[in-house]
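Chain by chain, the residues:
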Amino acid sequence: AQTVTQSQPEMSVQEAETVTLSCTYDTSESDYYLFWYKQPPSRQMILVIRQEAYKQQNATENRFSVNFQKAAKSFSLKISDSQLGDAAMYFCAYNSGTYKYIFGTGTRLKVLA
Amino acid sequence: NAGVTQTPKFQVLKTGQSMTLQCAQDMNHEYMSWYRQDPGMGLRLIHYSVGAGITDQGEVPNGYNVSRSTTEDFPLRLLSAAPSQTSVYFCASSPLAGGPVTQYFGPGTRLLVL
C-alpha cells in the first residue's frame with residue numbers, strides 16, 4: 001500500500017528566510033502525482049504545487065518550489081522569502097492516477113517576525 | 001460560482017444520533033470525495049464518487065454512508081454517531097479529465113459527538 005510520511009511535525013522560519021519541508025512516500029507505481037497543500041488557520045485547503053512523476057523538471061510556483069527525487073521517493077517543498085502569511089499546516093499528498101488521494105500527517109510551519 | 005459548499009459548519013451530536021453532512025459543488029465536477037481530519041493523522045479518505053450513481057469506499061468508510069443522485073450533491077450520512085467520529089470533515093471535488101488535478105475543498109464541518 002502506498003504511504004506518505006512527513007517526519008517534521010513542526011518547523012519554524014524567520015521572516016524572509018528559506019525553509020524546506022520534507023515528504024517521503026512509498027509506492028511501487030512508476031506514474032503518479034504529488035501535491036503540497038496549505039491549510040491556514042481558516043482550515044481552507046489550498047493547493048500550493050503539483051508534480052507529475054514522469055516530469056524530471058521540478059515544479060515551481062513563485063516562491064514555492066519542490067525537490068523531487070524519484071529514486072529516493074522524496075518530495076520536499078522549499079519556501080523562499082518566507083512571509084507571515086505562509087504560516088500554516090502543510091500537507092503532502094500522493095495520487096497514483098486512480099481516485100484515491102493519500103495525505104501525510106502534516107507539518108505546522110511557524111513564521112517568526 | 002460558489003465552489004464547494006458544506007453545511008453545517010459546526011454540529012454537536014449525542015452518541016447514537018444520526019445526521020447528514022451536506023456537500024454541494026457548482027463546477028460540474030465528476031469526482032467528489034469526503035475526508036476526515038484528525039490531529040496528527042492528516043486527511044483520510046472516507047468515500048468518493050466519480051459520477052452520479054457511482055460511489056466507492058476510501059480508507060475509513062465504516063460508520064458512514066454516501067449516495068450521489070446528482071452531479072452537484074454528495075451527502076455524507078452518519079447513521080449512529082459515535083465519539084470516535086468526532087472530527088473535522090472536508091468535502092472535495094475535481095474534474096476527472098486530464099488526470100489527478102487539484103481538488104477543490106469545502107470549508108469543512110466540525111463535528112463533536114458526545
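Residues numbered from 1 in each chain as written. Chains lettered and ligands numbered in written order. Predicted model: local features only at pLDDT ≥ 70, side-chain atom pairs only at ≥ 80, totals over all residues. Heavy atoms only, no water.

## Concerning the packing of aromatic side chains
Think of a pair of aromatic rings as described by two things: how far the centres are apart, and how the planes are tilted against each other in angle.
Turning to step 1, where the next piece is worked out: Overall, the coordinates contain 16 aromatic pairs over all chains when judged by the stated rule.
Turning to step 2, where the next piece is worked out: With 6.2 Å between their ring centres and 20° between their planes, A:Trp36 and A:Phe75 make a pair best called stacked. Linking A:Trp36 in strand S5 (residues 33–39) with A:Phe75 in strand S9 (residues 74–79), this pair joins segments that are 39 residues apart in sequence. Residues A:Trp36 and A:Phe75 agree in their burial class; the two are buried.
Turning to step 3, where the next piece is worked out: The ring of B:Phe74 has B:Arg68 lying over it, and the distance from NZ or CZ to the ring centre is 6.0 Å. (Phe/Tyr/Trp six-rings, centres within 6.5 Å; stacked < 30°, edge-to-face > 60°. Helix = DSSP H or I, 4+ residues; strand = E, 2+ residues; numbered from the N terminus. Buried < 20%, exposed > 50% of the residue type's maximum accessible area, 1.4 Å probe, protein only. Lys NZ or Arg CZ within 6 Å of the ring centre and 35° of its normal.)

## Considering the nonpolar core
Residue and element names in this part refer to chain A.
Turning to step 1, where the next piece is worked out: The biggest cluster of nonpolar side chains holds 25 residues, and the ones touching the most others in it are Tyr25, Trp36, Phe75, Leu77, Tyr90 and Leu109.
Turning to step 2, where the next piece is worked out: Residue assignment for this core shows that the elements contributing at least two residues are strand S3 (19–21), S5, strand S6 (46–52), strand S8 (64–69), S9, strand S10 (88–95) and strand S12 (107–112).
Turning to step 3, where the next piece is worked out: With 4 residues, the top contributor of residues to this core is S10.
Turning to step 4, where the next piece is worked out: With residues near it in sequence (within four places) discarded, tyrosine 25 still touches Thr3, Val4, Tyr32, Leu34, Phe68, Gln69, Lys70, Lys73, Ser74, Phe75 and Tyr94. (Core = buried A, V, L, I, M, F, W, Y, C linked by side-chain atoms within 4.5 Å. Contact = heavy atoms within 4.5 Å.)

## Things to note about the interface of chain B and chain A
Turning to step 1, where the next piece is worked out: Between chain B and chain A, the residue contacts involve 27 residues of the former and 19 residues of the latter.
Turning to step 2, where the next piece is worked out: Summing both sides of the interface, chain B and chain A together bury roughly 1,800 Å²; the carbon and sulfur share of this comes to 57%.
Turning to step 3, where the next piece is worked out: For the pair chain B and chain A, the number of links is 3 residue pairs in polar contact (both at pLDDT 80 or more).
Turning to step 4, where the next piece is worked out: Every element with two or more residues in the side of chain B that touches chain A is listed here: strand S4 (31–38), strand S5 (42–51) and strand S9 (87–94) of chain B.
Turning to step 5, where the next piece is worked out: Counting residues per element, the side of chain B that touches chain A draws most heavily on S5(B), which supplies 5 residues.
Turning to step 6, where the next piece is worked out: By residue class, the composition of the side of chain B that touches chain A is 14 nonpolar, 11 polar and 2 charged. (Buried area = accessible area lost by both parts, 1.4 Å probe. Polar contact = N/O pair within 3.5 Å; in protein donor to acceptor, adjacent residues only side chain to side chain. Nonpolar A, V, L, I, M, F, W, Y, C, P; charged D, E, K, R; others polar.)

## Details of the sheet that holds strand S3 (residues 19–25) of chain B
Residue and element names in this part refer to chain B.
Turning to step 1, where the next piece is worked out: On the basis of which strands lie adjacent, the open sheet formed by 4 strands has the order S1-S3-S8-S7 and antiparallel pairing. Either end of the sheet is taken by a strand with one partner, and the two such strands are strand S1 (4–7) and strand S7 (64–66). Across the sheet, the mean angle separating the axes of adjacent strands is 20° when strand polarity is ignored.
Turning to step 2, where the next piece is worked out: The sheet contact formed by S1 and S3 spans 4 bridges and is antiparallel. Within S3, the residue paired with threonine 7 across the bridge is glutamine 22. (Pairing = 2+ DSSP bridges. Axes fitted to C-alpha atoms, helices over the stretch in contact; angles between N-to-C directions.)

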